[in-house]
Amino acid sequence: MASAVDTFVAGVIARNPAEKEFHQAVEEVVESLMPVLDKHPEYRRAKVLDRIVEPERVIMFRVPWVDDQGDVQVNRGMRVEFNSAIGPYKGGLRFHASVNLGIIKFLGFEQVFKNALTTLPMGGGKGGSDFDPKGKSDMEVMRFCQSFMSELFRHIGADTDVPAGDIGVGGREIGYLFGQYKKLTRKFEGVLTGKGLNWGGSLIRPEATGYGEVYFAEEMLKTRGESLKGKRVVISGSGNVAQYAAEKVIQLGGTVLTFSDSSGYIVDEEGIDSKKLAFVMDLKNNRRGRISEYQKKYPNANYQPTSAGAKSNLLWDVKCDVALPSATQNEINEIDAANLVKNGCACVAEGANMPSTPDAVSVFLESKILYGPGKAANAGGVAVSGLEMSQNSMRLAWSREEVDQKLHSIMKSIHKVCMETAEAYGTPGNYVNGANIAGFLKVADSMMAQGVV
Ligand code: NDP
């Protein structure tokens, strides 16, 4: 007989065909929630689970723009306003060629639970476009952002929906989007986070996801009497999250060994120190080059191009104590997970959203290594976005130390609630259950209190 999880997930698949990442995200959460529903039949009666997997609103729109050759280009824009039970919709915008509705819905769904864990009043949403910023000029990116915002502006606002960055959307894109929003609405308000410091941004927002990921790893290691000091650390990606995760690992005395991008990865056995990290930051944030250039600058390092169709990603076969996946979804499969465990990796903290496939997650949980899922481990980014919203509302700016200290204490409290909830539901040490259940309870109780809406 089909289990309750299978039956529920089959219903979600039937209603949302061809959204495979969304199915994956729902299945993982629903598996964790069955013991909660058994204990609290009132959630079943109120169909909380059926309601929570249905976005409150999905907006899809045409984004036409003119490239540098004078040719018209057409992309698709979208915003999924998933759940506003505990606050205005909040979540990033992703610009990447692979973007489709299933990806944005998986990200928006995860965001609902993640935002609940941060202790701040933020609902969940996500958006983006299949626009690929790679190889585009600044002016092309600007024209695209202006066209994108020319539709999005009517759906968002400081008290309704507050987007931020994600893959392909950093400070440059947030600037162009904010400028167009302001022009169209004549409102200078906290409608986007990740803004520049001179115009309403918060200190530590660029650093927040990576720093938070490492704070979370440090909290997990502490439960086993360990710390990052002296540990070998493997990081994937070389964008915003990866860069600041590396910075914090270096500060805490760990050795960063790797970076990657969609073309390949580098391994530097001598360790990537602050000077080498500064090179990577300039390469990626200013010159917008490829990670292969690291090996040209530091010939002792090894570069391996990504091979299409490979069964595993050899980045995860580099011997390490701690792994910080910080690139994209499903970048660690079962073989990669087994390689990490075999080589002695004792702690995985996810900076990316859903970087591990379900089979990879099973390998981590069965081997009892410390495994912090993205919902919990990468919540630092949205947490500081929440702090940026508070500062905008108060028309005040907090110091670097103040924001970092708040971020640190939020990550500690997320770690604590995940640990305690996992234990309360009979699965001590299982941060997946802890994060899913703790996030769900806050949102579900708020939905119950607000009636059938
Ligand atoms: P960036 O665009 O700054 O960097 C993304 C990095 O991942 C780049 O190195 C990119 O390489 C690589 N990458 C992207 N897609 C792929 C792919 N399909 N295969 C291999 N590598 C890929 O994004 P962020 O650092 O902001 O985001 C990284 C992850 O962290 C994402 O999963 C995001 O959802 C998550 N996250 C981000 C937050 C934030 O505050 N920014 C908050 C919470 C989670 P290339 O340049 O070649 O594409």
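Parameters and conventions
- Throughout this description, residue numbers start from 1 for each chain and increase along the sequence as written.
- At least 70 in pLDDT is required for a residue's local features to be given in this predicted model, at least 80 for side-chain atom pairs to be given and counted, and no such filter applies to totals for whole chains, interfaces and linings, which use all residues.
- Values reported for side chains reflect all heavy atoms of the structure, with hydrogen atoms and water molecules removed beforehand.
- Under the DSSP-based scheme used, a helix requires at least four consecutive residues in state H or I and a strand at least two consecutive residues in state E, with every element numbered from the N terminus.
- This radius of gyration counts C-alpha atoms alone. The globule rule is 2.2 Å times how many residues there are, raised to the power 0.38.
- Exposure categories follow from relative accessible area, calculated using a 1.4 Å probe and restricted to protein chains: below 20% of the type maximum is buried, above 50% is exposed, and the middle band is partly exposed.
- Pairs of residues are marked as contacts when any of their non-hydrogen atoms sit within 4.5 Å.
- Under the convention used here, a 1.4 Å probe and the Shrake-Rupley method define accessible areas, while residue burial counts only the protein chains that appear.
- His is not counted here, nor are the chain ends, while Lys and Arg score as positive and Asp and Glu score as negative.
- Positions of charges follow a simple convention, taking NZ of Lys, CZ of Arg, CG of Asp or CD of Glu.
- Boundaries of every domain are those given by an automatic assignment or by a domain database.
- Reported buried area values correspond to the accessible surface (1.4 Å probe) lost by two parts on association, with both partners' losses combined.
- A pairing counts as a salt bridge when a side-chain nitrogen of Lys or Arg comes within 4 Å of a carboxyl oxygen of Asp or Glu.
- Residues adjacent in sequence count toward polar contacts only when both atoms are side-chain atoms; beyond that, a polar contact is any pair of N or O atoms within 3.5 Å, and within protein one must be able to donate a hydrogen and the other to accept it.
- Following the grouping adopted for this structure description, the nonpolar residues are Ala, Val, Leu, Ile, Met, Phe, Trp, Tyr, Cys and Pro, the charged ones are Asp, Glu, Lys and Arg, and the polar ones are all others, Gly among them.
- Strands are labelled as partners when DSSP assigns at least two bridges between them.
- Two cysteine sulfurs form a disulfide in these notes if their separation is within 2.5 Å.
- Patch rule: a residue counts if its relative accessible area is over 30% and it has no salt bridge; like charges are joined within 9 Å, and nonpolar side chains (Val, Leu, Ile, Met, Phe, Trp, Tyr) within 5 Å.
- Think of it this way: one heavy atom of a residue within 4 Å of a molecule or strand is enough to make that residue near it.

Colleague: How do you make sense of the overall build of the protein chain when you look at a structure like this?
Modeller: Check the secondary structure of the protein chain and you find 17 helices and 13 strands. Rg of the C-alpha trace for the protein chain: 21 Å, near the compact-globule value of 22 Å for 453 residues, within the 12% margin. Projected onto its principal axes, the C-alpha coordinates of the protein chain cover approximately 65 × 55 × 45 Å. Counting across all 453 residues of the protein chain, residues that qualify as buried make up 56%. For the protein chain, restricting intrachain contacts to residue pairs at least 6 apart in sequence, the fraction spanning at least 24 positions comes to 71%. Accessible surface, the protein chain as shown: approximately 18,400 Å² in total, 52% of it carbon and sulfur. Taking the average place of the 52 positive charges on the side chains of the protein chain and the average place of its 54 negative ones, the gap between the two points comes to 4 Å.

Colleague: When you look at unusual backbone geometry in this model, what are you seeing that I'm missing?
Modeller: Trans is the common state for peptide bonds, and a negative phi is the common state for residues other than glycine. Although it is not a glycine, Thr119 adopts a positive phi angle of roughly 75°. Structurally, Thr119 can be placed in the loop between helix 5 (101-117) and strand 4 (124-129). Within the chain, Lys368 stands out as a residue other than glycine whose phi angle is a positive 60°.

Colleague: What is the right way to look at the domain arrangement of the protein chain in this model?
Modeller: Where the parts come together, the accessible area they lose is often given as the size of the interface. Splitting the protein chain by domain gives domain 1 (4-187) and domain 2 (208-368). Spacing between the C-alpha centres of domain 1 and domain 2 amounts to 26 Å. If you look at the interface, domain 1 gives 14 residues, while domain 2 gives 12 residues. Carbon and sulfur atoms make up 46% of the area that domain 1 and domain 2 hide from each other, which totals about 960 Å². Counting the contacts that link domain 1 with domain 2 gives zero salt bridges. Our count for the contact surface shared by domain 1 and domain 2 stands at three residue pairs in polar contact (both at pLDDT 80 or more). Elements that contribute at least two residues to the side of domain 1 that touches domain 2 include exactly helix 2 (20-39) and helix 5. By residue class, the composition of the side of domain 1 that touches domain 2 is five nonpolar, one polar and eight charged.

Colleague: Even after reading the chapter, I still don't get the environment of Val417, so can you show me in this structure?
Modeller: Summarising the element assignment, Val417 is placed in helix 16 (residues 400-424). For Val417, a relative accessible area of 29% corresponds to the partly exposed category. Spatially, the C-alpha atom of Val417 lies 8.1 Å from that of Leu117, the residues being 300 residues apart in sequence. Contact partners of Val417, with chain neighbours within four places excluded, come to Leu117 and Ala438.

Colleague: Sorry if this is basic, but what is going on with the pairing of strand 3 (residues 89-95) here?
Modeller: Along strand 3, seven of the seven residues are buried, which leaves the element largely enclosed by surrounding structure. Where strand 3 meets strand 5 (residues 161-164), four bridges bridge the pair, whose relative direction is parallel. Bridge pairing in strand 5 places Lys90 opposite Val162. Of the pairings in the sheet, the one linking strand 3 to strand 4 comprises three bridges and is parallel in character. Residue pairing for strand 4: Arg94 is matched across the bridge by Gly128.

Colleague: How should the state of the cysteines be read in this particular structure?
Modeller: Chemically, a disulfide is nothing more than a covalent bond linking the sulfur atoms of two cysteines. Using the criterion set out here, one finds zero disulfides in the structure. Residue Cys347 stays outside any disulfide, its sulfur separated by 6.8 Å from that of Cys345, the closest cysteine.

Colleague: Could you clarify how one ought to interpret the pairing of strand 9 (residues 264-267) in this entry?
Modeller: Looking along a regular strand, one sees the side chains alternate between the two faces of the sheet. Of the two faces of strand 9, both are covered, the one formed by Gly264 and Ile266 as well as the one formed by Tyr265 and Val267. Taken together, the four bridges between strand 8 (residues 258-261) and strand 9 define a ladder with antiparallel strand orientation. Within the sheet, the bridge partner assigned to Phe259 lies in strand 9 and is Ile266. For strand 9 and strand 10 (residues 302-305), the ladder comprises four bridges, and the chain directions are antiparallel. Bridging from a neighbouring strand, Val267 pairs with Asn302 of strand 10.

Colleague: How should a nonpolar patch on the surface be read in this particular structure?
Modeller: A surface patch of nonpolar side chains, about 270 Å² in accessible area, is lined by Val66, Val72 and Val74. Inspection of the secondary structure puts Val66 in strand 1 (residues 57-66).

Colleague: Is there a simple way to explain the sheet that holds strand 13 (residues 370-372) in this structure?
Modeller: Hydrogen bonds between backbone atoms are what pair the strands of a sheet, whose relative direction is either parallel or antiparallel. Strand order in the open sheet formed by five strands is 7-6-11-12-13, with parallel pairing between adjacent strands. Edge positions in the open sheet fall to strand 7 (255-256) and strand 13, since each of these has one partner strand only. Of the strand pairs in this sheet, strand 11 (residues 322-324) and strand 12 (residues 347-349) are connected by two bridges, and their pairing is parallel. Bridge pairing in strand 12 places Val322 opposite Cys347.

Colleague: Can you help me understand the site of the ligand in this one?
Modeller: Taken together, 24 residues sit near the ligand, with Asp166, Thr209, Ser262, Arg290 and Asn353 positioned nearest. At 2.7 Å from an oxygen atom of the ligand is found a side-chain nitrogen or oxygen belonging to Thr209. Between the ligand and Ser238, the relevant distance is 3.0 Å, taken from an oxygen atom to a main-chain nitrogen or oxygen of the residue. Contact with the protein chains hides 82% of the accessible area of the ligand, taken as 890 Å² for the molecule alone. Mapped by element, the contributors of at least two residues to the shell around the ligand are helix 8 (205-222), helix 9 (240-251) and strand 8. Across the shell around the ligand, the residue classes tally to four nonpolar, 14 polar and six charged. Two domains each put at least three residues into the shell around the ligand: domain 1 (4-187) and domain 2 (208-368).

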